[in-house]
Amino acid sequence: MVVVAALVIRTALGELRRPGAAREQWRFLTNKTAVVAGGASAAVLGAVLVFGGTDPGHAIWALLGGVLTAFIVDRLMNQAGRGRE
């Protein structure tokens, strides 16, 4: 929960400093390839963590790992697209 709260606060502060920054920061959620990669990552990580123990907190880590994967895939795709121009 602390990580989610930190991300929300970071997004809000960025939006206050520069309107439109939040939309730019969270645009990876509209990239289908990034979302699929993040979902697959979260599913695999969740399955691995479930077999390691039954703590419900593992689901949060799997979700966070999936979101981070989607974010990174989106950024890598954008960099690759800029390199071709």
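It should be emphasised that the depicted structure is a prediction, and the values quoted were computed from it without experimental measurement.

Colleague: Quick rundown of the environment of Thr30? Include the residues and the values.
Modeller: Summarising the element assignment, Thr30 is placed in the loop between helix 2 (21-25) and helix 3 (32-52). Classification of Thr30 as exposed rests on a relative accessible area of 68%. A distance of 2.7 Å separates the side chain of Thr30 from the backbone oxygen of Arg27, its partner in a polar contact.

Colleague: Any chance you could break down the packing of aromatic side chains for me, citing the residues and the numbers?
Modeller: Throughout the structure, instances matching the rule amount to two aromatic pairs. For the pair Phe28 and Phe71, a centre-to-centre distance of 5.5 Å together with 90° between the ring planes defines the contact as edge-to-face. Separated by 43 residues along the polypeptide, Phe28 in the loop between helix 2 and helix 3 and Phe71 in helix 4 (residues 57-83) bring together distant segments of the chain. Given a relative accessible area of 2%, Phe28 falls into the buried group. Here the aromatic cluster, defined as three or more aromatic residues joined through ring pairs, consists of Trp26, Phe28 and Phe71.

Colleague: Pulling in residues and values, what's your account of the layout of surface pockets?
Modeller: Computed from the structure, the largest pocket encloses a volume of approximately 220 Å³. If you trace the largest pocket, you find eleven residues lining it, with Val3, Val4, Ile60, Leu63 and Leu64 closest to the centre. Of all the elements, helix 4 adds the most residues to the lining of the largest pocket, at five residues. A breakdown of the residues in the lining of the largest pocket according to their chemical character gives eleven nonpolar, no polar and no charged.

Colleague: An account of the pattern of salt bridges is requested, with residue identities and associated values reported.
Modeller: Under the definition given, this model contains two salt bridges. When the shortest N-O distance is used, the salt bridge between Glu24 and Arg18 registers 3.7 Å. A residue is classified by how much of its surface remains accessible, and Glu24, at 40% relative accessible area, is partly exposed. Judged by its relative accessible area of 48%, Arg18 falls in the partly exposed class. The partner of Arg27 in a salt bridge is Asp74, and the shortest N-O contact between them spans 3.8 Å. Of this pair, Arg27 sits in the loop between helix 2 and helix 3 while Asp74 sits in helix 4, and the two are 47 residues apart along the sequence. The exposure class of Arg27 is partly exposed, given its relative accessible area of 29%.

Conventions and cut-offs
Residues numbered from 1 in each chain as written. Predicted model: local features only at pLDDT ≥ 70, side-chain atom pairs only at ≥ 80, totals over all residues. Heavy atoms only, no water. Helix = DSSP H or I, 4+ residues; strand = E, 2+ residues; numbered from the N terminus. Buried < 20%, exposed > 50% of the residue type's maximum accessible area, 1.4 Å probe, protein only. Polar contact = N/O pair within 3.5 Å; in protein donor to acceptor, adjacent residues only side chain to side chain. Phe/Tyr/Trp six-rings, centres within 6.5 Å; stacked < 30°, edge-to-face > 60°. 1 Å grid on protein atoms, 1.4 Å probe; cavity = no way out; pocket = protein on both sides within 12 Å on 5 of 7 lines; lining within 4 Å. Points joined across faces, edges and corners; volume = space filled by probe spheres on them. Nonpolar A, V, L, I, M, F, W, Y, C, P; charged D, E, K, R; others polar. Salt bridge = Lys/Arg side-chain N within 4 Å of Asp/Glu carboxyl O.

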